[in-house]
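A closer look at the structure
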Amino acid sequence: TFVVTLIILFPMYWTVATSFKPQLEWASFPPTWVPKDPTILNYLLIIYGIPGYRARPFPSAIPSYLNSLIVAGTSTLFGIVVSILAAYAASRFKMGSSFLISVLMPRMFPPMAMIIPMVIYFNLLGLMNTYLGFIIVYTGFTVPYSVLMLKGFMDGVPKEVIEAAILDGLSDWQILRKIYIPMIKNGLLPTSLFLFILNWTEYTFAMSLFPKIETIPVTLAKLFSNEAGMYYGPQAALGILAIIPPVILGLFIRKYLVYGFTFGALKR
């Protein structure tokens, strides 16, 4: 177990160490396991921009960071709202497997197979390189996951509670708001975190459909290319900065994660 833990944690350690290494230690041989002359220059280059001392210059990564926060946060919010309604309909009114298959259909195709049709479609609608187009794509391609997850949580709501609510005269909207949402809160928050991570790390659509609205995965890729050179230090620094929002969200809802991750493991 100890060896497996070390193997899993080593990439994280190497990223943190590289983010504090000066340029000469980025790809030195033998490798520098611990920075001999630690520096925060890599973080400053990411924040203020790279002057191009090895290849072409790069602007500050702060706009990319803000773009990712806007797109991932908004898409997650819209995705959760749509998923709650769809999962409620599927669970409350006992929709069959055909509904779930139709919901999961967008994820049955590899993203690359959708790029060319979506480029044509988004050009016709004028949604290329727009935040609205970004949010529509991310919401549409993450909703299948969240609907499937939330339906499982909603199926666990006791029928007796729903029947009592109906006898009390609650409408379908009131049952959703007063019964389902409070009772699935432990699963709703982990699902939201899962959607945020999917949106935060998505690369294919961001690079193909919205190149002018650069997000963190695109910036990370550009920091390591034949054109730019090998900016190992700044790339590692941006990688460390990129994990901060998901980690903060994970810590904020940590007491709900165990339930969300173990849901369905135990049978009543």
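Every chain is numbered on its own, with residues counted from 1 as its sequence reads. Reporting in this predicted model follows two pLDDT cut-offs: at least 70 for local features of residues, and 80 or more for side-chain atom pairs to be given and counted; totals over whole chains, interfaces and linings ignore these cut-offs and use all residues. Hydrogens are left out, water is left out, and the side-chain values use all remaining heavy atoms of the structure.

**Some thoughts on empty space enclosed by the protein**
- Here a cavity denotes a set of grid points, spaced 1 Å apart and computed over the protein atoms alone, in which a 1.4 Å probe fits but from which it cannot get out, and a pocket denotes an open set meeting protein on both sides within 12 Å along at least five of seven lines; residues with an atom within 4 Å of a point are reported as lining. Grid points are joined across faces, edges and corners, and a volume is the space filled by probe spheres set on the points. Evaluation of the coordinates by the stated rule reveals one cavity of 30 Å³ or more.
- By volume, the largest cavity is sized at about 40 Å³.
- Looking at the largest cavity, the residues that line it are S68, V71, A72, Y138, N199, W200, E202, T215 and P217.
- Per the convention used, a helix needs a DSSP run of H or I reaching at least four residues, while a strand needs a run of E reaching at least two, with both numbered from the N terminus. Listed by contribution, the elements that provide at least two residues to the lining of the largest cavity are α3 (62-92) and α9 (185-201).

**Quick notes on the packing of aromatic side chains**
- Centres within 6.5 Å are what make two rings of Phe, Tyr or Trp a pair, Trp counting through its six-membered ring; a difference in plane orientation under 30 degrees is then read as stacked, over 60 as edge-to-face, and the rest as tilted. Tallying each qualifying case throughout the model produces 14 aromatic pairs.
- Taken together, a centroid distance of 5.0 Å and an interplanar angle of 75° make the contact between F134 and Y138 edge-to-face. On the criterion of helical spacing, the pair formed by F134 and Y138 is a turn pair, its members being four residues apart in helix α6 (residues 131-155). In this structure, F134 and Y138 share a single accessibility class: buried.
- Site record: aromatic cluster; members linked through ring pairs are Y121, F122, F134, Y138 and F210.
- Seen from the ring of W14, K21 lies directly overhead, with NZ or CZ sitting 3.7 Å from the centre. Any residue under 20% of the maximum accessible area for its type is buried, any over 50% is exposed, and the rest in between are partly exposed; the area is computed with a 1.4 Å probe on protein chains only. Over a ring means this: the NZ of a Lys or the CZ of an Arg is within 6 Å of the ring centre and within 35 degrees of the ring normal.

**A closer look at unusual backbone geometry**
- The omega angle of the peptide bond from F29 to P30 is 0°, so this bond is cis rather than trans.
- Here P30 is to be found in the loop between α1 (2-19) and α2 (41-48).
- Notably, N129 is not glycine yet its phi reads approximately 55°, a positive angle.
- On the secondary structure map, N129 appears in the loop between α5 (111-125) and α6.
- For N129, a relative accessible area of 24% corresponds to the partly exposed category.

**Side note on the environment of E214**
- Relative to the assigned elements, E214 resides in the loop between α10 (204-209) and α11 (216-222).
- The sequence separation of E214 and P63 amounts to 151 residues, and the corresponding C-alpha distance is 7.8 Å.
- Only heavy atoms matter for contacts: two residues are in contact if any of them lie within 4.5 Å across the pair. E214 has contacts with P63, S64, N67, T219 and K222, leaving out every residue within four places of it along the chain.

**Overview of the environment of T5**
- Looking at where T5 falls in the secondary structure, it is placed in helix α1.
- In the structure, T5 is positioned 136 residues away from F141 in sequence and 33 Å away in space, judged by C-alpha atoms.

**Some details on the side chain of T32**
- Here T32 lies in the loop between α1 and α2.
- Side-chain atoms alone can form a polar contact between residues adjacent in sequence; in general such a contact is a pair of N or O atoms within 3.5 Å, and within protein one must be able to donate a hydrogen while the other accepts it. Among the polar contacts listed, one links the side chain of T32 to the side chain of S28, at a separation of 3.1 Å.
- When neighbours within four sequence positions are excluded, T32 is seen to be in contact with W14, K21 and E25.

**What about the packing of α6 against α9?**
- In this description, a line fitted to the C-alpha atoms serves as the axis of each element, helices being fitted only across the stretch in contact, and the angle between N-to-C directions of two axes falls anywhere from 0 to 180 degrees. Their axes nearest at 10 Å, the elements α6 and α9 cross at an angle of 155°. The orientation of α6 relative to α9 falls into the category roughly antiparallel. In terms of crossing hand, the pair formed by α6 and α9 is right-handed. Packed against α6, whose contacting residues are Y138, T142, Y145, S146, M149, L150 and F153, the element α9 presents G187, L188, T191, F194, L195, L198 and N199 at the interface.
- Only Asp, Glu, Lys and Arg are considered charged, only Ala, Val, Leu, Ile, Met, Phe, Trp, Tyr, Cys and Pro nonpolar, and every remaining residue, Gly among them, polar. A per-class count over the contact of α6 with α9 returns nine nonpolar, five polar and no charged. The cut-offs work like this: below 35 degrees is roughly parallel, past 145 is roughly antiparallel, 65 to 115 is roughly perpendicular, and the gaps in between are oblique. In this scheme the crossing of two helices becomes right-handed for a clockwise turn of the near helix relative to the far one and left-handed for an anticlockwise turn of less than a right angle.

**Thoughts on a nonpolar patch on the surface**
- A grouping of I40, L41, L44, I47, Y48, I62, L66, L69, I70 and Y131 is seen on the molecular surface, where their side chains present a nonpolar patch of about 920 Å² in accessible area.
- At the level of elements, α2 and α3 are the ones that each hand at least two residues to the nonpolar patch. The patch calculation keeps residues exceeding 30% relative accessible area without a salt bridge and links them within 9 Å when they carry like charges or within 5 Å when they are nonpolar (Val, Leu, Ile, Met, Phe, Trp, Tyr). In these tables, accessible area is a Shrake-Rupley quantity obtained with a 1.4 Å probe, and a residue counts as shielded only by the protein chains included in the view. By definition, a salt bridge exists where a carboxyl oxygen of Asp or Glu is found within 4 Å of a side-chain nitrogen of Lys or Arg.

**With respect to the confidence of the model for the protein**
- For every residue, the predictor reports its confidence as pLDDT, a number between 0 and 100. Per-chain confidence: the protein averages 84 in pLDDT, with 91% of residues scoring 70 or above.
- For residues 264-268, every residue scores under 50 in pLDDT, and the model assigns this stretch one contact once sequence neighbours within four places are set aside.

**Comments concerning the side chain of T18**
- For T18, the location among the structural elements is in helix α1.
- Using a relative accessible area of 6% as the deciding quantity, one classes T18 as buried.
- Excluding residues within four positions of it along the chain, T18 makes contact with W26, N42, Y232, G233 and A236.

**Side note on helix α8 (residues 172-183)**
- The end-to-end C-alpha separation of α8 is 15 Å, in line with the 16 Å expected for twelve residues at 1.5 Å each.
- Listed as buried for α8 are I175, L176, I179 and Y180. Buried residues of α8 fall within an arc of 125° about the axis and therefore sit on the same side. Exposed residues lying more than 90 degrees from the buried face of α8 are W173 and R177.
- Of the surrounding elements, those touching the buried residues of α8 are α3, α6 and α7 (159-167). Multiplying 1.5 Å by the helix residue count minus one yields the expected span of that helix. Comment: arc refers to directions from the helix axis out to C-beta atoms.

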